[in-house]
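One letter stands for each residue in the lines below.
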Amino acid sequence: MEARAQLKYARISPRKISILLDLIRKQPVDKAKAILKHTPKAGCEYLIKLLDSAVANAQNNNNMDVAKLYVAECFVCQGPILKRIRPRAQGRAFAIHKKTSHVTMVLKEAE
């Protein structure tokens, strides 16, 4: 049995999120939350909310024991790129690509 939560169209680069996901993969939920709380990265706010959502899904939808949960699987995929233009000298334009992320987190009960 597993509980799943997804975050779509997060306005942060997938590369920045994947660094944080590597820290919490295969960790118990309480330890993963502590790691995210004390890591000074911008993506931590997104992942704390996603982890809380996955725990709530496990508790309410699947009647799983919160004390036994761990982060079984977590991954990030690139979402659509927002394309913007920055004006430059002599009438030129410089392209700015604002990347988005789709993050998926799966929780399972430890045996």
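The preceding data block contains the structure.
Residues numbered from 1 in each chain as written. Predicted model: local features only at pLDDT ≥ 70, side-chain atom pairs only at ≥ 80, totals over all residues. Heavy atoms only, no water.

A.B. asks: Sorry if this is basic, but what is going on with the pairing of strand β5 (residues 101–109) here?
C.D. replies: Consecutive side chains of a regular strand alternate in pointing toward one face of the sheet and then the other. Along β5, seven of the nine residues are buried, which leaves the element largely enclosed by surrounding structure. Sheet analysis places strand β1 (residues 2–10) next to β5, joined by seven bridges and oriented antiparallel. When the bridges of β5 are listed, Ala10 appears paired with Ser101. (Buried < 20%, exposed > 50% of the residue type's maximum accessible area, 1.4 Å probe, protein only. Helix = DSSP H or I, 4+ residues; strand = E, 2+ residues; numbered from the N terminus. Pairing = 2+ DSSP bridges.)

A.B. asks: Would you explain the packing of aromatic side chains in this entry?
C.D. replies: Any pair of aromatic rings gets described here by the distance separating the centres and the angle formed by the planes. Evaluated as defined, the whole model comprises zero aromatic pairs. Sitting over the ring of Phe94, Arg88 keeps its end group 5.7 Å from the ring centre. (Phe/Tyr/Trp six-rings, centres within 6.5 Å; stacked < 30°, edge-to-face > 60°. Lys NZ or Arg CZ within 6 Å of the ring centre and 35° of its normal.)

A.B. asks: Explain the pattern of salt bridges to me, please; I cannot follow it from the model alone.
C.D. replies: Between side chains of opposite charge, a pair can form when the charged atoms approach closely. The full count for this structure, using the stated rule, is three salt bridges. Put simply, Glu2 and Arg4 hold a salt bridge, and the shortest N to O gap is 3.2 Å. Residue Glu2 is classed as partly exposed on the basis of its relative accessible area, which comes to 34%. Accessibility expressed as a relative area gives 40% for Arg4, which makes it partly exposed. Of the charged contacts, one joins Lys33 and Asp52 as a salt bridge, the two residues approaching to 2.8 Å between their closest N and O atoms. (Salt bridge = Lys/Arg side-chain N within 4 Å of Asp/Glu carboxyl O.)

A.B. asks: Explanation requested: a positive patch on the surface in the structure shown.
C.D. replies: A surface patch of positive charge is lined by Arg11, Lys16, Lys41, Arg84, Arg86, Arg88 and Lys98. Here Arg86 shows up in strand β3 (residues 82–87). Look at Arg86 and you get partly exposed, because its relative accessible area is 45%. (Patch = residues over 30% accessible without salt bridge, like charges linked within 9 Å, V, L, I, M, F, W, Y side chains within 5 Å. Areas by Shrake-Rupley, 256 points an atom, 1.4 Å probe, with all protein chains shown as cover. Lys, Arg positive; Asp, Glu negative; His and termini not counted. Charge placed at Lys NZ, Arg CZ, Asp CG, Glu CD.)

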